[in-house]
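Fold and contact review
Spelled out, the chains give:
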Amino acid sequence: KAMQLRPNDRYATANDVALDIESYLADEAVSVQPDSLMQRAARWTRRHRSAAQSVIAAIMLVVMVSIIAAIWLGALAKKEAEARLVADDSRRQAESARKENLQTSAKAMAQAIGYEIDLRWRLLEAEAQSQVLRLAIAAANADPQNKTLWEPIQAWLTEQRGLRGSSVQNSNWSVFSDQGLQYARSPRGSSIGNPYRHRDYFHGLGEDMAKEDPRVPSLKPLEFLLPKLADHSDAVNLSCVYQSTATDRLVVSFSVPIWDSEDPVARRISGLLAMTLEIDDFGIQNNAMLFQVETNQITGQPGMVIAHPRLKERRKDAPFPRVNDDVLNVAKGLQEENGQTVAIVENFEDPVTGTRHLAAISPVIVRSRPEEVRNIGWFLVVTEE
């Protein structure tokens, strides 16, 4: 400044030069060059070393605390994320376990019912081979109006039900002629002597016929079932579900042929041995129910509930409940898969109580029987209690 070529650019007086020199030597600002922010800060720091050191220390402390806090908060966030993942995984495992338990229960219960059905068939098959029964049936068929010929059949049936019937739950046993006439019943009842040729347990159509149906007089035992079977030795029938006129309960009948001989070629069916059971007597648990996937003869609709813990409370004049179409579609899907899987329904609506549950659905399959008779069209639903 003092050495500028133009006089006007120089200091006005020597005193001004002295003041700037003194300011410079005192580490203060000079008039000819304003301090930058950094310079002012540096000058303040040099003048106030203790305060500056305190400020720097405070800043460093804040920075260190911030870094530590950031690391700590990051660790907490990571732990929280890990905990959330663990919790989500636990929830998924718990949900999977819930569903797996339901599926296992449904499958086990459905298999148990299939076993109970087969057990009754096998018991009847064994009894139907009795030579005493064959001879008594042959004699009665030769003169069906002679009721004295029915008595040996009644005596045999009463004895065999007494000996074997206690091993399985049942309502009654019956013997029918090849014309559908009921020769005997245990326990005895007023139905003895009535014709039941129109019943599904006699002809195997899958539904009862009207008594006045013109086909009835010519029907033969298990006429509609036998053509489906490659081996007639496998002929066993589970009737359609029907409503008992005595109790209004839903009932099924198990029937097997009584062959007139052991010759598999020349033999013919001389009668039927049958057992009746109320479906509720299968003893399914309180968190389970049974329904039919096919259209039934009682309501004319598919999906009718045939066993439920609360079904006994239904008014006699009330319609039978049925599962909704979504559940019915699930069941049909299982049928197409040949009964090898169990399905989960997330929001199953109980058709009797109206409540909603997580549920598993399994088909009832009599697995020891041939394809033609093993899939009976029943499905078991198990819900979370």
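Our structure is the block above this text.
Presented here is a report on the structure given in the accompanying data block. (Residues numbered from 1 in each chain as written. Predicted model: local features only at pLDDT ≥ 70, side-chain atom pairs only at ≥ 80, totals over all residues. Heavy atoms only, no water.)

1. A look at the packing of aromatic side chains
Stated precisely, the cut-off is as follows: Ring geometry is summarised as follows: Phe, Tyr and Trp rings, the Trp one being its six-membered ring, pair when their centres sit within 6.5 Å, and such pairs are stacked at plane angles under 30 degrees, edge-to-face over 60 and tilted between the two. Only DSSP runs of H or I reaching four residues or more are called helices, and only runs of E reaching two or more are called strands; each is numbered from the N terminus. Relative accessibility decides the category of a residue: with a 1.4 Å probe and only protein chains considered, values under 20% of the type maximum give buried, values over 50% give exposed, and everything between is partly exposed.
For the coordinates displayed, the defined rule picks out six aromatic pairs. When the centroid spacing of 6.4 Å and the interplanar angle of 50 degrees are considered together, the rings of Y201 and Y242 count as tilted. Of this pair, Y201 sits in helix α6 (residues 200–203) while Y242 sits in strand β4 (residues 242–243), placing them 41 residues apart in sequence. On the basis of relative accessible area, Y201 is assigned to the buried category, the value being 7%.

2. Here's the deal with the packing of helix α4 (residues 131–142) against helix α5 (residues 151–164)
The following threshold applies: Every axis corresponds to a line fitted to the C-alpha atoms, with the helix fit spanning only the stretch in contact, and the corresponding angles, defined between N-to-C directions, vary from 0 to 180 degrees. If an angle is under 35 degrees, it is roughly parallel; if it is over 145, roughly antiparallel; if it lies from 65 to 115, roughly perpendicular; otherwise it is oblique. In this scheme, a crossing is called left-handed if the near helix is turned counterclockwise away from the far one by less than a right angle; it is called right-handed if the turn is clockwise. Contact definition: two residues touch when any of their heavy atoms are within 4.5 Å. Only Asp, Glu, Lys and Arg are considered charged in this grouping, and only Ala, Val, Leu, Ile, Met, Phe, Trp, Tyr, Cys and Pro are considered nonpolar; every other residue, Gly among them, is considered polar.
Direction vectors running N to C along α4 and α5 enclose 150 degrees, while the axes themselves pass 9 Å from each other. If you check the angle between α4 and α5, you find them roughly antiparallel. Our pair here, α4 against α5, has a crossing hand that is left-handed. The residues of α5 that touch α4, namely those facing V132, L133, A136, I137 and A140, are P152, I153 and W156. Of the residues that constitute the contact of α4 with α5, the class distribution is eight nonpolar, no polar and no charged.

3. What about a nonpolar patch on the surface?
Rule in force here: Exposure above 30% relative accessible area and the lack of any salt bridge qualify a residue for a patch; like charges then connect within 9 Å, and the nonpolar side chains Val, Leu, Ile, Met, Phe, Trp and Tyr within 5 Å. Accessible surface area values rest on a Shrake-Rupley calculation with a 1.4 Å probe, where residue burial reflects the displayed protein chains alone. The term salt bridge refers to a pairing of a side-chain nitrogen on Lys or Arg with a carboxyl oxygen on Asp or Glu at a separation within 4 Å.
Together, W44, V55, I59, V63, I67 and I71 line one region of the surface with nonpolar side chains, adding up to about 560 Å² of accessible area. At five residues, helix α3 (residues 49–128) tops the list of elements feeding residues into the nonpolar patch. Note on placement: I71 falls in helix α3. According to the relative accessible area criterion, I71 is exposed, its value standing at 58%.

4. Quick word on unusual backbone geometry
Following S186, the chain continues to P187 via a peptide bond in cis, the omega torsion being 0 degrees. Relative to the elements of secondary structure, P187 occurs in the loop between β2 (182–186) and α6. Its identity is not glycine, yet L222 carries a phi of approximately 55 degrees, on the positive side. Looking at the secondary structure, you find L222 in the loop between α6 and β3 (237–238).

5. Details of the packing of helix α2 (residues 37–47) against α3
It is the contact of α2 with α3, at a shortest axis distance of 5 Å, that shows an interaxial angle of 115 degrees. Accordingly, the angle class assigned to the pair α2 and α3 is roughly perpendicular. Seen from α2, the contacting residues are W44, T45, R46 and R47; seen from α3, they are R49, A51 and A52. Class assignment of the residues belonging to the contact of α2 with α3 gives a composition of three nonpolar, one polar and three charged.

Purely geometric numbers; function is a separate question.
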